Amino acid sequence: MKKIIYITTISNTLPWHLKNIIENAVKDFEIYVIGDDVKKYSLLFPRIKMINLKIERKPKIFSDFKALFKLIVYFLKIKPDISHSIMPKSGLLASIAARLTLTPIRLHTFTGQVWSNYDGNKRKFYKLIDLIIIKLNTLCLTDSPSQSNYLFLNNIGYKKGPLPVIGKGSLSGVDVKKYNIKSLSNNSLKLKEKLAIDEDDFIFAYIARKTIDKGAIDMIDSFQQLRKKHPKLKLLFVGPSEDKAVIDYLDSNKSLLINVITLEAVSNHFEYLNISDVLCLPSYREGFGTIVIDAAALGKPAIGYKIPGLIDSIVHNKTGILVSEKHTNLFSSAMEKLYLDNNLREQFGKNALARVNEFYSSESIYAGLKIIYNGNYPD
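An account of the accompanying structure is given in this report.

Parameters and conventions
Residues numbered from 1 in each chain as written. Predicted model: local features only at pLDDT ≥ 70, side-chain atom pairs only at ≥ 80, totals over all residues. Heavy atoms only, no water. Patch = residues over 30% accessible without salt bridge, like charges linked within 9 Å, V, L, I, M, F, W, Y side chains within 5 Å. Areas by Shrake-Rupley, 256 points an atom, 1.4 Å probe, with all protein chains shown as cover. Salt bridge = Lys/Arg side-chain N within 4 Å of Asp/Glu carboxyl O. Helix = DSSP H or I, 4+ residues; strand = E, 2+ residues; numbered from the N terminus. Axes fitted to C-alpha atoms, helices over the stretch in contact; angles between N-to-C directions. Left-handed = near helix turned anticlockwise from the far one by under 90°. Contact = heavy atoms within 4.5 Å. Nonpolar A, V, L, I, M, F, W, Y, C, P; charged D, E, K, R; others polar. Polar contact = N/O pair within 3.5 Å; in protein donor to acceptor, adjacent residues only side chain to side chain. Core = buried A, V, L, I, M, F, W, Y, C linked by side-chain atoms within 4.5 Å. Buried < 20%, exposed > 50% of the residue type's maximum accessible area, 1.4 Å probe, protein only. Expected span 1.5 Å × (residues − 1). Arc of directions from axis to C-beta.

Together, Leu128, Leu131 and Ile132 make up an exposed nonpolar region whose accessible area comes to about 230 Å². Considering the arrangement of structural elements, one finds Ile132 in helix 4 (residues 120–136).

If you want it as C-alpha cells, here you go:
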C-alpha cells in the first residue's frame, strides 16, 4: 500500500480541513500526519499515524531549520510515495524535505495567500515563498477557481494557465451524509440551554479565527450596528483568539460584546452552525471558505465580502449575499435583509444545500484528488 504524508502547521486543520480527505484516503493509502500537536487527535483518527512536530506559523530561523531537519528525518524513515501539504510554512518546509528526499509525488494545496493584503517587501517575501513551493513540488493546487485566477493574474500558474482545482473547489468537501439537521437535532436543545439561547432567538454566527484578516472586528462592528435597531439579536462569535489587536479592541469597549456569545475553538462547529440562522464571514482573505459550505450543508445561507474564494463558496443572491470588502454598513444591511425576510433566507438556505449536494460532497472531492495521488496530473 502506498504511503502519504500530510503536513500541516497547526493541529486544528485536521478536524476543520483535512478530516474528510484522510477519512477517505485511509481506505486506499497508509496515512501519516505531521504537524504541531496533531497526536491529540489520535483517538479521532485511530488508523492514522500522527507525528507531533512544532512548526511556527511566523518566520523563526532557528526553529524553522530545526523543524526542517526533523521533517527530513521523518521522510527518510517513512519513505512516502506522496507528500501533501497545506498552509504556507508547512508547505515550504514540506516541499524542501520532500524534494531533498526524492519523494515521487509532491503536492501542495494553496488555501489563500498571506501576501494578498501586504505591500512592499513584505508582500514580495511571502509571494516568494509561494513561488518556491510551486518550484519544488510536482504539482500545486488551489481550493477555488477564483484563487487560481487571482494567482494567475499575479504570474503564478500551471502550464501557462491557472493552477488546477478539484471540481468546483473546496479543500475536502462536506460529508453530506453525516452532517445534516436531523443528525444534529438531538444536541441542539442542550446546546441552546448551555448558551442561554431562547428558542425564538435569531442567531448570526461567526466561526473562524478571531483575527483582523478574518474580519473579526468587522463582524462585531456590523453586528452592533444592527443590534441597535433590533436589540434582541444575538451573535455566536466562535474561534480561537489569535490576534492581539482584536483582543485589545474588544477589551477597550465591553459594550461591543452586548448579546455576543463568545467562545474559543470548538470541537464540532456543525453543532453551532445548526443552532444558527445565518453564517457571517467578513473575511479579507480566503482560499475558498470551507465554513460556508459546512453551513450550506445544514441549509444555512451566508454573508461575506466579495473577495477571491468567497465568490466561489457563496453565490450572490442565490445562496447568500456578497458585499464590498471592508464596508461594515453594507454587511450590516445584508444581515438585516436576511433577518427580516424569512422567505428569502429559507430559499437561500435551500439553494445552498442543493449546491453542496451537487458539487461539494467529500466523496467527489476525494475522487478527483485520488486521480492525482495515482500520478495522473491535469493536462
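Right, let's talk about the packing of helix 1 (residues 13–25) against helix 14 (residues 362–373) for a bit. Interaxial distance between helix 1 and helix 14 falls to 10 Å at its minimum, and their mutual angle equals 65°. Considering only the axes of helix 1 and helix 14, their crossing is right-handed. Residues Asn20, Ile21, Asn24 and Ala25 of helix 1 touch helix 14, and the partners they reach there are Ser362, Glu363, Tyr366, Leu369 and Tyr373. Counted by class, the contact of helix 1 with helix 14 contains five nonpolar, three polar and one charged residues.

Mapped onto the fold, Asn52 is located in strand 3 (residues 49–52). Residues Asn52 and Val38 lie 14 residues apart in sequence; the distance between their C-alpha atoms is 5.6 Å. Among residues more than four places away in sequence, those in contact with Asn52 are Gly35, Asp37, Val38, Lys39 and Tyr74. Engagement of the side chain of Asn52 in a polar contact is seen with the backbone nitrogen of Val38, the distance being 2.8 Å.

Ranked by size, the top nonpolar core spans 63 residues in total, and within it Phe204, Met219, Leu235, Leu236, Phe237 and Met335 carry the most contacts. Per-element accounting of this core gives the leading share, six residues, to helix 7 (residues 216–227). Sequence-distant contacts of Phe237, defined by excluding residues within four places in its chain, comprise Tyr206, Lys210, Ala216, Met219, Ile220, Leu250, Val260, Ile261, Thr262 and Leu263. One finds Leu14, Val38, Leu139 and Leu163 within the second-largest nonpolar core, a separate group that totals 42 residues.

What follows covers helix 2 (residues 61–78). In this model, helix 2 (18 residues) spans 26 Å end to end at C-alpha, consistent with the 26 Å of a helix rising 1.5 Å per residue. Turning to helix 2, its buried residues are Asp64, Ala67, Leu68, Leu71, Phe75 and Ile78. On an axial view of helix 2, the arc spanned by its buried residues comes to 105°, and they lie on one face. For helix 2, the exposed residues set more than 90 degrees away from the buried face come down to Phe62, Phe65, Phe69 and Lys77.

This part is about the pattern of salt bridges. In total, this model carries 17 salt bridges according to the counting rule given. Between Glu242 and Arg209 there is a salt bridge, and its shortest N-O distance comes to 3.3 Å. Residue Glu242 is located in the loop between strand 8 (234–238) and helix 8 (244–251), and its partner Arg209 is located in the loop between strand 7 (203–207) and helix 7; the two are separated by 33 residues in the primary sequence. What you see here is one network of salt bridges that share partners, running through Arg57, Arg209 and Glu242.

A few words now on the environment of Val165. Take Val165: it is sitting in the loop between helix 5 (145–153) and helix 6 (181–194). Taking the C-alpha atoms as reference points, Val165 and Arg106, 59 residues apart in sequence, are found 16 Å from one another. Among all residues touching Val165, those that are not within four sequence positions of it are Thr142, Asp143, Ser144, Pro145 and Ser148.

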